[in-house]
Amino acid sequence: MTERSEDVGQPRVLLFGASGFIGGHVRRTLGSVAALRCPRRDEFDLVRCEVDELGALLRAERPDVVVNCTGRLAGGTHDLVRANTGVTAKLVDAVAKEAPDARLVRLGSAAEYGPVPPGHAVTESDPAAPISGYGVSQLAATRLVELAAAAGRVDGVVLRVFNPIGPGTPEETLLGRAAALLRQPPVPGGAAGDLSLGSLAAYRDFVDVRDVASAVAAAALAGTLAERVFNVASGRAVSAREAVRLVAETAGFAGKIREDRPAPERSADVGWMCGDIRRAGRLLGWTPSYDLEGSVKAIWSGGLD
C-alpha cells in the first residue's frame, strides 16, 4: 500500500481508486490535509473481496473517512451492478460493522437522474429515473447509502458527479475521445481533416476534475451533515458541439467535425443535463473554481495547474 503521511492530528483517510482519473486528483487534494492510505487494486480489489476481508482492512487501518473513487462506466449490466452497486453494499456493511464512526464518501453520477427537462437545473430532491444500466447501478448504490445513513448504520455521503473533465480526461468520455483522435497522426488514404464523433446535439454540465476533488475533500472533512446527496457540477449546461469545438480550437484543428458515430449507451437518450449546486455550496462550502476554457486547455496539455 502507498505510504501514509505521519502528520499528527490529521484525519486518517482510506482512499480506494487513487490511481484512477478522479481518484488521482482526490489523492493530490487530500494528501496535504489528511493521513492517506491508498490500496492499489492488486493489493485490495473491492469487486473481488469479501465483506469480512474488507472489515479486516478497516480494523487494521482505523480510518476516520473512507472514500471510494472506484467504479465502472461501461460493460454488461452484471458487471456494472457488481462494480458500482455491489461494491457499495460491501462498503456499507463493512463500515457499519468495523468503522461506524467513519464517514463513507462515494462518487455517484448525474446518470442517476435520467432525462431532465431542457432548461432545468436538476436538484438532489428531483425524481431520479435512470434509463441505462449504468445509471440504475449508480442509483441503487446511492439508495443503499441513504438507507444505511437514515438507519444510523453509517455516516454516508454521495457526490453525484456530472461530466468530469480536465487533466487526464480518459478516452471513454466525449472530450477525452475528441482529444485522443486529434492527437492521432493522419491515416494514409483516410479522409484528412475530419474528426468523427457521435451526435453532439446534447447539452452537458462539464465540471473540472480538480473541482470534483475539492468537493470530495469538503465532504470528507465536513462536520455533521443534514443531507446525504450532493450534486457536483459546474451549474452550467454547455452544448457538446461547443465543448468539442473548444477542444479542436485548443488543438489548432481546422478540419471538419463529423457526427457519424454511435453515442455511449449510458447517456444517448439524455439530451440535456445541468446540475443545481446550491446544496453543496450551502452545506459543504463548495463551489467550482475552474471554467470550461481552462479545463479544456488542461485536457490538451495535461497540466495540473
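Before any of the text, the structure's been laid out above.
These figures come from a predicted structure and were not determined experimentally.

Visitor: Explain the nonpolar core to me, please; I cannot follow it from the model alone.
Guide: By size, the foremost hydrophobic cluster in this structure holds 46 residues, and its most contacted members are Ile 22, Val 26, Val 67, Leu 159, Met 273 and Leu 284. Judged by nonpolar contacts, the second largest core, of 21 residues, contains Phe 44, Val 66, Val 145 and Val 154.

Visitor: Sorry, what's going on with the packing of aromatic side chains here?
Guide: Aromatic rings in a pair are described by how distant their centres are and how their planes are angled relative to each other. Scanning all chains against the criterion turns up 3 aromatic pairs. With a centroid separation of 6.2 Å and 45° between ring planes, the pair formed by Phe 16 and Phe 44 is classed as tilted. With a gap of 28 residues between them, Phe 16 in strand E1 (residues 12-16) and Phe 44 in the loop between strand E2 (35-37) and helix H2 (51-61) connect regions that are remote in the sequence. For Phe 16, a relative accessible area of 2% puts it in the buried group. Between Tyr 113 and Phe 162 the ring centres are 6.3 Å apart and the planes differ by 45°, which places this aromatic pair in the tilted class. Remark: Phe 162 occurs in the loop between strand E5 (155-161) and strand E6 (163-165) and Tyr 113 occurs in the loop between strand E4 (103-109) and helix H4 (133-150); sequence separation between them is 49 residues. Classification of Phe 162 as buried rests on a relative accessible area of 5%. Cation over ring: Arg 160 sits above Tyr 113, and NZ or CZ is 4.6 Å from the ring centre.

Visitor: Please explain unusual backbone geometry as it appears in this structure.
Guide: Across the chain, the bulk of peptide bonds are trans and the bulk of non-glycine residues have phi less than zero. Even without being glycine, Arg 62 reaches a positive phi, approximately 50°. As for its placement among the helices and strands, Arg 62 is situated in the loop between H2 and strand E3 (65-68).

Visitor: Would you mind showing me how to read the sheet that holds E1 here?
Guide: Two pairing modes exist for strands in a sheet, parallel and antiparallel, and in both the strands are linked by backbone hydrogen bonds. Strand order in the open sheet formed by 6 strands is E2-E1-E3-E4-E5-E10, and the pairing between neighbours is parallel. Strand pairing shows two members of the sheet lacking a second neighbour, E2 and strand E10 (229-232), which therefore form its edges. Here the average twist between neighbouring strands, direction ignored, is 25°.

Visitor: What am I meant to see in the pattern of salt bridges here?
Guide: A side chain of one charge can pair with a side chain of the opposite charge if their charged atoms are brought near each other. Per the counting criterion, the structure on display carries 18 salt bridges. Across the pair Arg 279 and Glu 124 runs a salt bridge whose closest N-O atoms are separated by 3.9 Å. Linking Arg 279 in helix H8 (residues 278-284) with Glu 124 in the loop between E4 and H4, this pair joins segments that are 155 residues apart in sequence. When sorted by exposure, Arg 279 lands in the same class as Glu 124, which is buried. The shortest N-O distance in the salt bridge between Arg 228 and Asp 155 comes to 2.6 Å. One end of the pair, Arg 228, is in the loop between helix H6 (209-221) and E10; the other, Asp 155, is in strand E5, with 73 residues separating them in the sequence. Relative accessible area serves as the criterion here: at 24%, Arg 228 is assigned to the partly exposed category.

Visitor: What am I meant to see in the packing of helix H7 (residues 240-251) against helix H9 (residues 292-301) here?
Guide: The axes of two packed helices give the description: the angle between them and the distance between them. Running from N to C, H7 and H9 point in directions that differ by 55°, and their axes come no closer than 9 Å. Compared by their axis directions, H7 and H9 come out oblique. Seen from above, H7 lies across H9 with right-handed handedness. Counted together, Leu 246, Val 247, Thr 250 and Ala 251 of H7 and Leu 292, Glu 293, Val 296, Lys 297 and Trp 300 of H9 form the full contact between these two elements. Among the residues forming the contact of H7 with H9, the class breakdown is 6 nonpolar, 1 polar and 2 charged.

Visitor: Looking at this structure, I do not really get H9. What am I missing?
Guide: For an α-helix, 3.6 residues make a turn, and residues three or four places apart therefore share a direction. Among the residues of H9, those classed as buried are Leu 292, Ser 295, Val 296, Ala 298 and Ile 299. Angularly, the buried residues of H9 cover 160° about the axis, an arc narrow enough to put them on a single face. For H9, the exposed residues lying more than 90 degrees away from the buried face are Lys 297 and Ser 301. Of the residues trailing H9, Gly 302 is marked for its positive phi of about 80°.

Visitor: What exactly am I supposed to notice about the side chain of Thr 88 here?
Guide: For Thr 88, the position within the fold is in helix H3 (residues 77-98). If we ignore the near neighbours within four places in the chain, the residues touching Thr 88 are Arg 106, Ala 141 and Val 145.

Visitor: Just checking my understanding: could you explain the state of the cysteines for this structure?
Guide: A complete count under the given rule lists 0 disulfides for this structure. Its sulfur unpaired, Cys 49 is 16 Å from the next cysteine sulfur, which belongs to Cys 69.

Visitor: Can you walk me through the pairing of E1 in this structure?
Guide: Residues in a regular strand point their side chains to alternate faces of the sheet. E1 sits mainly inside the fold: 4 of its 5 residues count as buried. Summarising the sheet, E1 and E2 pair through 3 bridges and their orientation is parallel. Considered in E2, the bridge of Val 13 is made with Leu 36. Each parallel crossover has a hand, and the one from E1 via helix H1 (residues 21-30) to E2 is right-handed. In the sheet, E1 pairs with E3 via 4 bridges, with the strands oriented parallel. Looking at E3, one finds that Leu 14 is bridged to Val 66.

About the thresholds
- Residues numbered from 1 in each chain as written.
- Predicted model: local features only at pLDDT ≥ 70, side-chain atom pairs only at ≥ 80, totals over all residues.
- Heavy atoms only, no water.
- Core = buried A, V, L, I, M, F, W, Y, C linked by side-chain atoms within 4.5 Å.
- Buried < 20%, exposed > 50% of the residue type's maximum accessible area, 1.4 Å probe, protein only.
- Phe/Tyr/Trp six-rings, centres within 6.5 Å; stacked < 30°, edge-to-face > 60°.
- Helix = DSSP H or I, 4+ residues; strand = E, 2+ residues; numbered from the N terminus.
- Lys NZ or Arg CZ within 6 Å of the ring centre and 35° of its normal.
- Pairing = 2+ DSSP bridges.
- Axes fitted to C-alpha atoms, helices over the stretch in contact; angles between N-to-C directions.
- Salt bridge = Lys/Arg side-chain N within 4 Å of Asp/Glu carboxyl O.
- Parallel < 35°, antiparallel > 145°, perpendicular 65-115°, else oblique.
- Left-handed = near helix turned anticlockwise from the far one by under 90°.
- Contact = heavy atoms within 4.5 Å.
- Nonpolar A, V, L, I, M, F, W, Y, C, P; charged D, E, K, R; others polar.
- Arc of directions from axis to C-beta.
- Disulfide = S-S within 2.5 Å.
- Right-handed = clockwise from strand over helix to strand, strands pointing away.

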